[in-house]
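Structural overview for review
Spelled out, the chains give:
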Amino acid sequence: MAIYPVVQVPHPALITPAKPVPHVTPHVTRVLDNLRDTLAFVRGIGLAAPQVNISKRLAVVDTGDGLGVWELINPELLEGRDERLGPDACLSIPGVVGETRRYEWVRIRTWTRDEEWVELEAKGLRARCIQHEMDHLDGILFTVKADRLYAARTRAGAQALRVLRMPQ
Ligand code: NI
């Protein structure tokens with residue numbers, strides 16, 4: 001088990017597209033395990049490899065909805081429905097919340113650790129988090145997409161963070 005340090009803006013890894021994973025090697029498996037441990041340690045809801053300065057298309061998501069940790073390996077968006085504005089926050093941009101347009105429902109495909117494509121459907125916060133993490137893999141931060149940014153310390157920010165269950 002290892003806990004990675006999470007990099008913060010303006011670290012260049014956060015705005016650099018991550019490389020596809022050609023094979024799920026023992027190294028990739030170890031990175032996934034460590035991403036899971038790090039996500040639990042920081043009590044976040046999602047973490048992408050570029051946030052720990054690893055240029056691989058890997059992310060983990062666990063939005064506390066009972067569905068557990070989803071591992072994303074080379075994920076691709078297949079379909080999205082019902083765009084709406086909602087709060088985004090990020091471990092790499094502490095203290096900032098942004099009203100960001102995301103699909104309320106998504107269908108994606110991702111590799112499993114066995115290198116098999118599986119389709120997953122998600123809604124609500126899990127769908128929002130998946131889109132946020134997939135943006136990380138393209139080097140895109142919510143702050144460039146958000147309609148409005150505000151400090152997490154403000155009343156609106158605190159309310160948004162409760163929705164996200166994200167400690168600051
Ligand atoms: Ni983030």
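Because the structure is predicted, anything quoted here is derived from the model rather than measured. (Residues numbered from 1 in each chain as written. Predicted model: local features only at pLDDT ≥ 70, side-chain atom pairs only at ≥ 80, totals over all residues. Heavy atoms only, no water.)

**Remarks on the state of the cysteines**
Under the counting rule described, the total for this entry stands at zero disulfides. Cysteine Cys-129 remains unbridged, with the sulfur of Cys-90 as its closest cysteine sulfur at 9.6 Å. (Disulfide = S-S within 2.5 Å.)

**Looking at the coordination of the nickel ion**
For the nickel ion, every protein donor is listed as Cys-90 (SG), His-132 (NE2) and His-136 (NE2), and the spread of their distances is 2.1 to 2.2 Å. For the nickel ion, all donor residues lie on one chain, and their spacing in sequence is C-x41-H-x3-H. Of the two residues, His-132 and His-136 are both situated in helix α2 (residues 124-137); the distance of four residues between them amounts to about one turn of the helix. Neither His-132 nor His-136 differs from the other in exposure class; each is buried. (Donors = N, O, S within 2.8 Å, 3.2 Å for Na, K, Ca; no water. Helix = DSSP H or I, 4+ residues; strand = E, 2+ residues; numbered from the N terminus. Buried < 20%, exposed > 50% of the residue type's maximum accessible area, 1.4 Å probe, protein only.)

**Looking at unusual backbone geometry**
Across the junction of Val-9 and Pro-10, the peptide omega takes the value 10°, indicating a cis bond. Structurally, Pro-10 is set in the segment before α1 (26-42). Positive phi is not limited to glycine here, since Asn-53 has a value of about 60°. In this structure, Asn-53 sits in the loop between β1 (46-48) and β2 (58-61). For Asn-53, a relative accessible area of 47% translates into the label partly exposed. Although it is not a glycine, Asn-74 sits at a positive phi angle of roughly 55°. By secondary structure assignment, the location of Asn-74 is in the loop between β3 (70-73) and β4 (76-88). According to the relative accessible area criterion, Asn-74 is buried, its value standing at 11%.

**Some remarks on the sheet that holds β3**
Strand order in the open sheet formed by three strands is β1-β2-β3, and the pairing between neighbours is antiparallel. A strand with exactly one partner marks an edge of an open sheet, and here the two such strands are β1 and β3. Averaged over all adjacent pairs, the angle separating strand axes in this sheet is 10°, with direction ignored. Judged from the three bridges that link them, β1 and β2 form a sheet pairing that is antiparallel. Residue pairing in the sheet places Leu-47 in a bridge with Val-60 of β2. Where α1 meets the sheet, its contacts fall on β1, β2 and β3, and the angle it forms with β2 comes to roughly 35°. Taken strand by strand, α2 contacts β1, β2 and β3, and its axis lies near 160° from that of β2. (Pairing = 2+ DSSP bridges. Axes fitted to C-alpha atoms, helices over the stretch in contact; angles between N-to-C directions. Contact = heavy atoms within 4.5 Å.)

Spatial relationships are all this shows, so hold off on functional conclusions.
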